[in-house]
Amino acid sequence: MKQEDIVLLAFLSSCLILSNSIIVFTDNRLKERAERKKREAEEKRDKRKRPAKRSRRS
């Protein structure tokens, strides 16, 4: 194996590792966003179920 081949191999493997970590990072962010939206939707639904507190005016 020539030195150029080894350098190319090292470069390509580092690119692969980098792209894989970017994919994992993006996937985690999308999961967090989906969970947050789900939680917000549940909170809105819970607010609708509870009757609104009416202030009594004297």
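Each value, and the rule that gives it
Residues numbered from 1 in each chain as written. Predicted model: local features only at pLDDT ≥ 70, side-chain atom pairs only at ≥ 80, totals over all residues. Heavy atoms only, no water. Helix = DSSP H or I, 4+ residues; strand = E, 2+ residues; numbered from the N terminus. Buried < 20%, exposed > 50% of the residue type's maximum accessible area, 1.4 Å probe, protein only. Areas by Shrake-Rupley, 256 points an atom, 1.4 Å probe, with all protein chains shown as cover. Patch = residues over 30% accessible without salt bridge, like charges linked within 9 Å, V, L, I, M, F, W, Y side chains within 5 Å. Salt bridge = Lys/Arg side-chain N within 4 Å of Asp/Glu carboxyl O. Lys, Arg positive; Asp, Glu negative; His and termini not counted. Charge placed at Lys NZ, Arg CZ, Asp CG, Glu CD.

Visitor: Can you break down the overall build of the chain residue by residue, with the values?
Guide: When helices and strands are tallied, the chain shows one helix and zero strands. When burial is assessed residue by residue, the chain has 0% of its 58 residues classed as buried. As presented, the chain carries roughly 6,500 Å² of accessible surface, and 56% of it is formed by carbon and sulfur atoms.

Visitor: Break down a negative patch on the surface for me, with residues and values.
Guide: Together, Glu40, Glu42, Glu43 and Asp46 make up a negatively charged patch on the protein surface. If you trace the backbone, Glu43 turns up in helix α1 (residues 3–49). Judged by its relative accessible area of 47%, Glu43 falls in the partly exposed class.

Visitor: Explain the pattern of salt bridges to me, using residue names and the numbers behind them.
Guide: Counting across every chain of the model gives one salt bridge. Here Asp27 makes a salt bridge to Lys31, at a shortest N to O gap of 3.6 Å. Residue Asp27 and its partner Lys31 are located together in helix α1, separated by four residues, close to a single helical turn. Exposure remark for Asp27: the relative accessible area of 37% places this residue in the partly exposed category.

Visitor: Tell me about a positive patch on the surface, and name the residues and values.
Guide: Taken together, the side chains of Arg29, Arg33, Arg36, Lys37 and Arg39 make up a positively charged region of the molecular surface. With respect to the secondary-structure elements, Lys37 resides in helix α1.

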